[in-house]
Amino acid sequence: MRDLSEPQLKQDILRHLTYTLGKDAAHASTYDWRMALSFAIRDRIVEPWFASTRKTWDTGHKRVYYLSMEFLIGRLLEDATINLGLRDMAEQVMAELGQDFRTIVEDEPDAALGNGGLGRLAACFMESMATVGCPAYGYGIRYEHGLFRQRFEGGRQVESPEDWLTQRHPWEFERPEAAYTIPFKGHLETRDGRDVWVPGETVLAEAYDTPVIGWQGKWANTLRLWGAKPTTLFDLDRFNRGDYAAAAAPETLARTLSRVLYPDDTTYQGKELRLKQEFFLTSAALQDILRRFKAGGFMLRDLPKHVAIQMNDTHPAIAGPELIRLLVDENGMEFMEAMEVARACLGYTNHTLLPEALERWATFTFGNVLPRHMQIIERIDHWHRDTYHPPHWVGIVKHHEVRMGELAFIMSHKVNGVSALHSDLVKKNLFAELDGLHPRIINQTNGVTPRRWLKMCNRPLAGLITDTIGEGWEADLDRLRELEPHAKKSAFLADFDAAKRANKVALAGWIKEHCGVTVSADALFDVQVKRIHEYKRQLLNILETIARYHDIKADPKKDWVPRVKIFGGKAAPGYAVAKEIIHLINDVAAVVNSDPDVGDRLKVVYPENYNVSMAERLIPAADLSEQISTAGKEASGTGNMKFMMNGAPTIGTLDGANVEILQEVGDENFFLFGLTAEEVMKRRQNPDHARDAITASQPLQDVLQMIAEGRFSPSEPGRYHELVHRVWHHDYFLVASDFDAYREAQAQVDTAYADRKRWLRMAALNTARSGFFSSDRTIRGYMADVWDVKSAL
Ligand code: 26V
């Protein structure tokens, strides 16, 4: 076993600095020290990683393969030190070397290989699979550019490319020997009565492995990301003729495949490059899975005994047809048997009901890029129709489109939603007919890893928890319930208060530095951070903020509970309405923050470029968690769980996992408001719902009037005419209908916050009752109900 002592760590850091990086300690930069520390920490992961792989081989254990177009992993250094139990030692050693550990940690770029919830969930799942000892591989794409960087110019969002890979990425191992050819396009030929695909293009998928270490280093899995390379490197003839650009064309073409993450998670667009990326990931993963399986010496028909493949949304749903193709075309299996084998391996997780986000490809595009798969899909569709006689509107291929949801459903043995409410809606609405024919929809409520989202990001609270209930809660989060009896004691509540306050003071300093706004740590920190979408209703939040501003101006002497409204999040570059909402928030912030009548009673801040690292800073300092989506629209939410764990009560609707949060925490510790999913559907039947709500609410009229008059855009009074018009006439997400209820709930928040003891008790009970939302629980659910895999620990 490796020497995990402090002198050894120091020695290894210095050795890496000298021999891996070739730097003299006297001239080493923060970057050099970070690399040296990262390599020294990585060394300590390698042995448990090998041991895990060896054990999986030796026991012939079933493996899980998690296919995802997104892994929003963020920074890895501190997380690795925490899971190895070396966090404090690393800090100490770095101090001895004259380096500040936080500075080093924050030097690491935030790997944003995902858009939001779906990608972050995949990252939490990877950590939890390693923690519970589930042998697993994550498969994804090694995007050169992750999610774009956001900045504000005159309050408007401006995007620029993200470039996390321009620096050396110390966590990965390049595996040039693990490379697969990925075919595209071309045509089909019949040879000896079999269909043969003659591809028109090929690219190479090359593996890059990042070890993922679980809590206490007991198990480690692999995140294998594929980078695209040309199969033919270079056109030497052209180069010799002096045509340098054309000579490099194959290279350029191939590399575009893994160049950039698609930044739009709202609206599906039938972009050919996106389809190619999806197939690139899926085919590389499946070829790798079959290679490893064959190395074990098993029969292909036994694949489902050894292999569970999970599709994270429909993005890798081409896995069904591709696995059939590999089994039939390249391994000689009969079509029907291949379909059964594929289905027994595959599971599909649905993450959205929004119709505009459901993937469907024009058969023309699909047949052009993947002609053999188009043929296989048609065969599956015919078989399904002839065998089960579904209603005429149900099927995979309809109106010259391939529907990826239907394909994923039919090709999986289990389909799951991500919260109780969402799974119910998947069953009753999205896949009602298919569920009637083949009941296979189950629920697996999302979770988040408490190592990153409590232990690591909230040291004051984590320390208090350990002091109060002892060690071990990190991997057994239900134990947080043991805090409950303490939530009655004023000494504990004072400590809880002190922990929260320390985080708020730190955040206030950061806000001053990054937004130039002075906020008081005595104010209530009210936080809404997530992608900007109409359904998430940041607009509702800013309208309430304006109403509050209006009321403060009207009666500044009242004993206002001071508030800081904190927003964070990116809009898809092409999503005009979301961008308008960002602009409005920034315009309101400018007016409110500089109004001398307001002072500390209200501040609005919107730091640029929200990402995983910013979440780790904001969430521990939050007093109030905003989860205010239109009921029925947010599949689950996972930010909501992080806030709860960190002792921030929720103001929210009955949507997604909010329903289960409310159930766990109790209604006296949750600020519930708004229409239910059912009421939303009814309310929409009334074409005048918005006008009725607005005319019935003087405060809402005042707010809309202020915006329309240009109070927040004096240089351009008409700036928000369209946005206001939308609320009046096209309020699909029922902002107007929920406005009064939301405002009333916010008033109750003020009352509760003013009662210190009551508030602290609520906050502490949120933490104490958050155990259910550990992603360890979620993973154990998938292992038992979907994958049929046991822990290897
Ligand atoms: C969709 C698309 C459409 C095609 C182009 C690129 C792209 C990228 C991402 C998506 C994903 C949309 C679905 C999604 O992110 N759902 C979120 O999943 C979270 C984890 O289950 C859940 O907590 C959120 O409520 C849900 O919105």
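On a predicted model such as this, the values are computed, not experimentally measured, just so you know.

Section: the overall build of the protein chain
Part 1 of the reasoning: Within the protein chain, the secondary structure is distributed over 33 helices and 24 strands.
Part 2 of the reasoning: Taken over the C-alpha trace, the protein chain has a radius of gyration of 27 Å; the compact-globule value for 793 residues is 28 Å, and the two agree within 12%.
Part 3 of the reasoning: Along the three orthogonal principal directions, the C-alpha set of the protein chain runs to about 90 × 70 × 60 Å.
Part 4 of the reasoning: Taken across its 793 residues, the protein chain has 61% of its residues classed as buried.
Part 5 of the reasoning: Long-range pairs, those at least 24 residues apart, make up 77% of the contacts in the protein chain between residues at least 6 apart in sequence.
Part 6 of the reasoning: With an accessible surface of roughly 29,600 Å², the protein chain has 51% of that area assigned to carbon and sulfur atoms.
Part 7 of the reasoning: When the 96 positive and 110 negative side-chain charges of the protein chain are each reduced to one mean point, those points stand 2 Å apart.

Some words on the site of the ligand
Part 1 of the reasoning: The local shell around the ligand holds 19 residues, among which H351, N446, E634, S636 and G637 are the closest.
Part 2 of the reasoning: Taking E634, its side chain carries an N or O atom lying 2.6 Å from an oxygen atom of the ligand.
Part 3 of the reasoning: For the ligand, the protein covers 93% of the area, taking 590 Å² as the surface of the free molecule.
Part 4 of the reasoning: Ranked by residues supplied to the shell around the ligand, first place goes to helix α6 (residues 117-132) with 3 residues.
Part 5 of the reasoning: Looking at the shell around the ligand residue by residue, the classes come out as 5 nonpolar, 9 polar and 5 charged.

Concerning the nonpolar core
Part 1 of the reasoning: In this structure, I380 and W787 are the most contacted members of the largest nonpolar core, which totals 253 residues.
Part 2 of the reasoning: Here this core takes 10 residues from helix α10 (residues 272-295), the largest share from any one element.
Part 3 of the reasoning: Grouped together as the second largest cluster of nonpolar side chains are 5 residues, A631, L675, A677 and L734 included.

Topic: unusual backbone geometry
Part 1 of the reasoning: Of note, K185 is a non-glycine position whose phi angle comes to about 60°, a positive value.
Part 2 of the reasoning: Looking at the secondary structure, you find K185 in the loop between β7 (173-184) and β8 (187-191).
Part 3 of the reasoning: A positive phi angle is found at D788, which is not glycine, with a value near 55°.
Part 4 of the reasoning: Position of D788 relative to the elements: it lies in the segment after α33 (775-787).

Here we look at the UniProt feature "modified residue: N6-(pyridoxal phosphate)lysine" (unreviewed entry) in the protein chain
Part 1 of the reasoning: Under the UniProt annotation, "modified residue: N6-(pyridoxal phosphate)lysine" (unreviewed entry) lies at K642.
Part 2 of the reasoning: By the element assignment, K642 lies in helix α25 (residues 639-645).
Part 3 of the reasoning: Aside from chain neighbours lying at most four places away, what touches K642 is R120, V448, W453 and I619.

Some thoughts on the layout of surface pockets
Part 1 of the reasoning: Here the second largest pocket defines a volume of roughly 750 Å³.
Part 2 of the reasoning: As for the second largest pocket, its lining consists of 33 residues, of which W510, H514, E608, N609 and M614 are closest to the centre.
Part 3 of the reasoning: Classifying every residue of the lining of the second largest pocket by side-chain character gives 16 nonpolar, 6 polar and 11 charged.

As for empty space enclosed by the protein
Part 1 of the reasoning: Taken as a whole, this structure holds 8 cavities of 30 Å³ or more when the rule is applied.
Part 2 of the reasoning: Its boundaries defined by the atoms lining it, the largest cavity holds a volume of some 250 Å³.
Part 3 of the reasoning: Along the wall of the largest cavity there are 18 residues; nearest its centre are L76, D79, P211, V212 and R452.
Part 4 of the reasoning: Residue assignment for the lining of the largest cavity shows that the elements contributing at least two residues are α3 (77-84), α6 and β10 (201-213).
Part 5 of the reasoning: As for the second largest cavity, its lining consists of E534, L539, V577, I581, L723, R726, V727, H730, D731, Y732, F733 and V735.
Part 6 of the reasoning: Elements that contribute at least two residues to the lining of the second largest cavity include exactly α23 (576-593) and α30 (721-729).
Part 7 of the reasoning: Ranked by residue count, the leading element in the lining of the second largest cavity is α30, at 3 residues.

Focus: the packing of helix α29 (residues 698-709) against α30
Part 1 of the reasoning: Packing of α29 against α30 brings their axes to within 8 Å, and their N-to-C directions diverge by 155°. The orientation of α29 relative to α30 falls into the category roughly antiparallel. The crossing of α29 and α30 is left-handed. From α29, L704, I707 and A708 reach across to α30, where they touch H721, V724, V727 and W728.
Part 2 of the reasoning: Residues belonging to the contact of α29 with α30 are distributed by class as follows: 6 nonpolar, 1 polar and no charged.

What to know about the sheet that holds strand β12 (residues 307-312)
Part 1 of the reasoning: Judged by pairing direction, the sheet is mixed, and its 9 strands sit side by side in the order β7-β10-β11-β4-β1-β12-β13-β17-β18 without closing on themselves. For this open sheet the edge positions go to β7 and β18 (441-443), each flanked by a neighbour on one side alone. Between one strand and the next, the sheet's axes are offset by a mean angle of 25°, whatever the strand orientation.
Part 2 of the reasoning: With 3 bridges connecting them, strand β17 (residues 414-417) and β18 associate as parallel partners. Bridge pairing in β18 links N416 to I442.
Part 3 of the reasoning: Against the sheet, helix α17 (residues 420-430) engages β17 and β18, with an angle of about 170° to β18.

Reading the values: the criteria
Residues numbered from 1 in each chain as written. Predicted model: local features only at pLDDT ≥ 70, side-chain atom pairs only at ≥ 80, totals over all residues. Heavy atoms only, no water. Helix = DSSP H or I, 4+ residues; strand = E, 2+ residues; numbered from the N terminus. Rg over C-alpha atoms; globule rule 2.2 N^0.38 Å. Buried < 20%, exposed > 50% of the residue type's maximum accessible area, 1.4 Å probe, protein only. Contact = heavy atoms within 4.5 Å. Areas by Shrake-Rupley, 256 points an atom, 1.4 Å probe, with all protein chains shown as cover. Lys, Arg positive; Asp, Glu negative; His and termini not counted. Charge placed at Lys NZ, Arg CZ, Asp CG, Glu CD. Near = heavy atom within 4 Å. Polar contact = N/O pair within 3.5 Å; in protein donor to acceptor, adjacent residues only side chain to side chain. Nonpolar A, V, L, I, M, F, W, Y, C, P; charged D, E, K, R; others polar. Core = buried A, V, L, I, M, F, W, Y, C linked by side-chain atoms within 4.5 Å. UniProt positions renumbered as here; feature names shortened; annotations may be inferred. 1 Å grid on protein atoms, 1.4 Å probe; cavity = no way out; pocket = protein on both sides within 12 Å on 5 of 7 lines; lining within 4 Å. Points joined across faces, edges and corners; volume = space filled by probe spheres on them. Axes fitted to C-alpha atoms, helices over the stretch in contact; angles between N-to-C directions. Parallel < 35°, antiparallel > 145°, perpendicular 65-115°, else oblique. Left-handed = near helix turned anticlockwise from the far one by under 90°. Pairing = 2+ DSSP bridges.

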